[in-house]
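Single-letter residue listing:
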Amino acid sequence: GGSAESLHRSLAEMALLNDAALWRAARTTMTDDQRARMADLHDKSQSAELALDEQAEEDALLRLYRETLLVRAQAAVLLANRGYDVADPTQFQW
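All figures in this text were calculated on a predicted structure; none of them were measured in a lab.

**Q** Help me out: how do you make sense of the packing of helix H3 (residues 32-47) against helix H4 (residues 52-81) in this one?
**A** Packed helices, taken two at a time, are described by the angle between their axes plus the distance between the axes. The N-to-C vectors of H3 and H4 enclose an angle of 130°; their axes lie 10 Å apart at closest approach. Our classification of the angle between H3 and H4 gives oblique. Handedness of the crossing formed by H3 with H4: left-handed. Along its contact with H3, which presents Gln34, Arg37, Met38, Leu41, His42, Lys44 and Ser45, the element H4 presents Glu54, Glu57, Glu58, Leu61, Leu62, Leu64 and Tyr65.

Structure follows, in structure tokens:
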């Protein structure tokens with residue numbers, strides 16, 4: 001759909017970012033509250049059916065999670081291509 005095309009375009013345009021912006025992108029994470037809410041919804045869904053609004057919220061958080069992973073991975077690839085050593089995972093933490 002449209003959001004997938006937008007994501008693909010955004011990932012491709014990351015090649016135009018300067019190194020500092022790529023490092024920021026490589027360190028992008030969901031907030032603690034978002035991760036906790038996603039975990040809560042997942043746990044609840046294992047024992048009961050989620051309400052429609054909860055299903056929509058879980059879907060949105062999962063989409064955000066996947067997009068965050070893609071952005072981080074794309075940034076790491078671009079930084080590696082620019083000669084940075086991205087082997088140490090601790091450099092991607094704040």
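More follows now that the structure is in view.
**Q** Please clarify how the packing of helix H2 (residues 19-26) against H4 should be interpreted in this entry.
**A** One can describe the packing of H2 onto H4 by two numbers: an axis separation of 8 Å at closest approach and a directional angle of 140°. H2 and H4 meet at a crossing whose hand is left-handed. Residues Asp19, Leu22, Trp23, Ala25 and Ala26 of H2 lie in contact with H4, whose contacting residues are Val71, Arg72, Ala75, Leu78 and Leu79. Residues of the contact of H2 with H4, tallied by class, amount to 8 nonpolar, no polar and 2 charged.

**Q** How should the environment of Ala20 be read in this particular structure?
**A** Tracing the backbone shows Ala20 in helix H2. On a C-alpha basis, the gap between Ala20 and Ser6 in space is 23 Å, while along the polypeptide they are 14 residues apart.

**Q** What exactly am I supposed to notice about the nonpolar core here?
**A** One broad rule of soluble globular proteins: the nonpolar side chains tend to lie buried together. By size, the foremost hydrophobic cluster in this structure holds 12 residues: Leu7, Leu11, Met14, Leu22, Trp23, Ala25, Ala26, Ala75, Ala76, Leu78, Leu79 and Phe92. Those elements giving two or more residues to this core turn out to be helix H1 (2-13), H2 and H4. Apart from the residues within four sequence positions on either side, Leu79 is in contact with Asp19, Leu22, Trp23, Ala26, Tyr84 and Val86. In this structure, Met38, Leu41, Leu50 and Leu61 belong to the second largest nonpolar core, which totals 5 residues.

**Q** Would you mind showing me how to read H4 here?
**A** In a regular helix each residue adds 1.5 Å, so 30 residues correspond to 44 Å; H4 covers 43 Å between its end C-alpha atoms and thus fits that length. By the burial criterion, the buried members of H4 are Glu54, Glu58, Leu61, Thr68, Ala75, Ala76, Leu78 and Leu79. On the buried face of H4, the contacting elements are H2 and H3. Downstream of H4 by a residue or two, Gly83 has a phi angle that is positive, lying close to 100°.

**Q** Quick question: what am I supposed to make of the pattern of salt bridges here?
**A** On inspection of all chains with the given rule, the structure shows 4 salt bridges. Two residues, Asp19 and Arg82, come together in a salt bridge whose shortest N-O distance is 2.6 Å. One end of the pair, Asp19, is in helix H2; the other, Arg82, is in the segment after H4, and 63 residues separate them in sequence. Residue class for Asp19 comes out partly exposed when judged on its relative accessible area of 27%. Residue Arg82 is classed as partly exposed on the basis of its relative accessible area of 33%. Close ionic contact of Glu54 with Lys44 constitutes a salt bridge, the shortest N to O distance being 2.6 Å.

About the cut-offs
- Residues numbered from 1 in each chain as written.
- Predicted model: local features only at pLDDT ≥ 70, side-chain atom pairs only at ≥ 80, totals over all residues.
- Heavy atoms only, no water.
- Axes fitted to C-alpha atoms, helices over the stretch in contact; angles between N-to-C directions.
- Helix = DSSP H or I, 4+ residues; strand = E, 2+ residues; numbered from the N terminus.
- Parallel < 35°, antiparallel > 145°, perpendicular 65-115°, else oblique.
- Left-handed = near helix turned anticlockwise from the far one by under 90°.
- Contact = heavy atoms within 4.5 Å.
- Nonpolar A, V, L, I, M, F, W, Y, C, P; charged D, E, K, R; others polar.
- Core = buried A, V, L, I, M, F, W, Y, C linked by side-chain atoms within 4.5 Å.
- Buried < 20%, exposed > 50% of the residue type's maximum accessible area, 1.4 Å probe, protein only.
- Expected span 1.5 Å × (residues − 1).
- Salt bridge = Lys/Arg side-chain N within 4 Å of Asp/Glu carboxyl O.

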